[in-house]
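# Understanding the architecture of this molecule
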Amino acid sequence: MTTAPPRTESLDVQPTPLALLLLGREADPRSERGVECPGDLPSPSDPDLVERARAAKEKLGEKVFVLGHHYQRDEVIQFADVTGDSFKLAREAAARPDAEYIVFCGVHFMAESADILTSVDQKVVLPDLAAGCSMADMATAEQVAECWDVLTEAGIAERVVPVSYMNSSADIKAFTGKHGGTICTSSNAKRALDWAFEQGEQVLFLPDQHLGRNTAVRDMGMSLDDCVLYNPHKPNGGLTVEQLRSAKMILWRGHCSVHGRFSLDSVREVRERIPGVNVLVHPECKHEVVSAADYVGSTEYIINTLDAAPAGSKWAIGTELNLVRRVAQAHPDKEIAFLDRTVCFCSTMNRIDLPHLVWTLESLAEGTLVNQIQVDSETESFAKLALERMLALP
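As the structure is a prediction and not an experimental result, all values here were calculated from the model. (Residues numbered from 1 in each chain as written. Predicted model: local features only at pLDDT ≥ 70, side-chain atom pairs only at ≥ 80, totals over all residues. Heavy atoms only, no water.)

Here the focus is the packing of aromatic side chains. Under the counting rule described, the total for this entry stands at 4 aromatic pairs. Judged by centre distance (5.6 Å) and plane angle (80°), the rings of Trp-148 and Phe-175 are edge-to-face. Residue Trp-148 is located in helix α6 (residues 141–153), and its partner Phe-175 is located in helix α7 (residues 170–178); the two are separated by 27 residues in the primary sequence. Centroid distance Tyr-295 to Trp-315: 5.4 Å. Interplanar angle 45°. Geometry classified as tilted. One end of the pair, Tyr-295, is in strand β11 (residues 295–296); the other, Trp-315, is in strand β12 (residues 314–318), with 20 residues separating them in the sequence. The buried category is assigned to Trp-315, whose relative accessible area is 5%. (Phe/Tyr/Trp six-rings, centres within 6.5 Å; stacked < 30°, edge-to-face > 60°. Helix = DSSP H or I, 4+ residues; strand = E, 2+ residues; numbered from the N terminus. Buried < 20%, exposed > 50% of the residue type's maximum accessible area, 1.4 Å probe, protein only.)

Here is the structure:
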C-alpha cells in the first residue's frame, strides 16, 4: 500500500518579493538587482547594429547625450559622447542642459545620480533596467534606518557622521544628506572623511567596507582596530555596544563583487609570473591586496598613471577587465596585464550591450521615451544635499 503524496495546493506557500524578482516574475525599480526590461530588442547577430545606432544618434542630434562608464564594453563605449567614472559622468550630464535625453550607459545608481543633478526638463534613460550594482544593493534604506536606531540606542548617533560612497542608491544618499553626512568617490574619500571627523567623532561608512577601511588605515593613519564591521543581517550589526562606542569607523558589510575577487595570492602569482611588474589596484580591493600593491587609486588615477608610465614598464592592474583591456590597447609600448588569471567583468554593467543601446536610441528617435530613471522629489532633495556637501569639500 502506497501513501499518496501530500496535496500542495492547500498549503499557504507565498514566494517572497526577492524570490519573484530573481525569477523574473516581478519588478522592483528601486532595486539595484535589476528589473524586467520591456521592448523588442534587435538580434545581437544583426550585422547592421552599428549603423543603426549611428543613424539613430545622428537623427536625435543635440537632443541626446550619451554617457559611457569606463567599465562598459567597447561596442557601446564607441557611441559615448563622454567616458568617465560615475560621478564625472553625472556632472557631465548636468553640464549639458540643452540635451533632452541623457542616455546613461552604466548602472542604476549612476543614472539616479544623473537624474538628481540634471534639470527637471531632462530625461535620464538607462538602456537596460537590469543593469544594477550588487554593492549598492548590500545597503537598503530599511537596513540603514535600523542601523541608525542601533546607534541611537547605543547613545552615539549624535556624534556619528554618515559618509556614503557614490556607489549607493538614491535612498542611501538621501539618508546621508538627511543625517548631516556627505558622499565621496574613490578619489576624494580621504577629504570626505577629514570633513566628517571635523563634524563628529565617528563615521558610519556606506556601503563599501574596503574603501572605508583602506582610506582610514592607509591614508589617514588609523589602525585596523579603529574599524568595526557592521553586519545588517545580525542583531545590532553583530557588534557590542562597547565596540560601537569605541570605533572611529563603523564600516558597512558591503563590497564590490568585481574588486573583491582579487586576493593576496593574485599579487604573489603575478609578481612571480612577471618579474619587475608594478601592481596597481583600485581601493575597493581587500585591505591585504591594497597593502601588497605598489600603487592604489581610483579609476581615473589608474588611467592617468598608465598614461604617464615609461615605455617598457610592466603593470598588473586590479580593476574591471573591460577597462584593463582598453588601457592595454591604448599603450602597446607597455606590458599591461590583468592582476588575476580569472576573467572579471562587471556582469551587471555588461548587461548594456549594443542591442539595448540600439533599441533605446531608435525608440527615442521615434519619439518614444523608454526606461526613464526618476528619483522622487523628497529623496532627490536630501540626496542632492549630500552631493552638494561633497562638491563643497576643500
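The rest of the description comes next.
Once that is clear, we can look at the sheet that holds β11. The parallel open sheet is built from 4 strands, whose spatial order is β11-β10-β12-β13. In the strand order of this sheet, the two ends are held by β11 and β13 (335–338), each with one partner. Relative to β13, β12 is paired through 4 bridges, and the arrangement is parallel. Looking at the pairing, Ala-316 lines up with Ala-337 of β13. (Pairing = 2+ DSSP bridges.)

Put simply, the protein has an average pLDDT of 89, and 90% of its residues get 70 or more. Note on residues 1–25: pLDDT under 50 across the span, and 11 contacts to partners over four residues away in sequence or across chains. (pLDDT = per-residue confidence, 0-100. Contact = heavy atoms within 4.5 Å.)

So, on to the packing of helix α4 (residues 86–94) against helix α5 (residues 108–117). Angle between the axes and distance between the axes: these two values describe a pair of packed helices. Running from amino to carboxyl end, α4 crosses α5 at an angle of 35°, the nearest separation of the two axes being 8 Å. The handedness of the crossing between α4 and α5 is right-handed. Contacts between α4 and α5 pair Ser-86, Phe-87, Ala-90, Ala-93 and Ala-94 from the former with Phe-109, Met-110, Ser-113, Ala-114 and Leu-117 from the latter. A per-class count over the contact of α4 with α5 returns 8 nonpolar, 2 polar and no charged. (Axes fitted to C-alpha atoms, helices over the stretch in contact; angles between N-to-C directions. Left-handed = near helix turned anticlockwise from the far one by under 90°. Nonpolar A, V, L, I, M, F, W, Y, C, P; charged D, E, K, R; others polar.)

Turning to unusual backbone geometry, a few remarks are in order. A cis amide bond, omega -20°, links Leu-206 with the succeeding residue Pro-207. Within the element layout of this structure, Pro-207 appears in the loop between β7 (202–206) and α9 (209–219). Of note in this structure, Asn-371 is not a glycine but carries a positive phi near 50°.

Ranked by size, the top nonpolar core spans 108 residues in total, and within it Val-103, Phe-205, Met-249, Val-281 and Leu-361 carry the most contacts. When residues in this core are grouped by element, the largest group, 7 residues, is from helix α15 (residues 354–365). (Core = buried A, V, L, I, M, F, W, Y, C linked by side-chain atoms within 4.5 Å.)

Pairing in this open sheet of 5 strands is parallel, and the strands run β6-β5-β7-β9-β8 from one edge to the other. Each edge of the open sheet is held by one strand with a lone partner, namely β6 (182–184) and β8 (227–230). Across the sheet, the mean angle from the axis of one strand to that of its neighbour is 25°, orientation sign disregarded. Bridge count between strand β5 (residues 160–165) and β6: 3 bridges; the pairing is parallel. Within β6, the position partnered with Ser-164 by the bridge is Ile-183.

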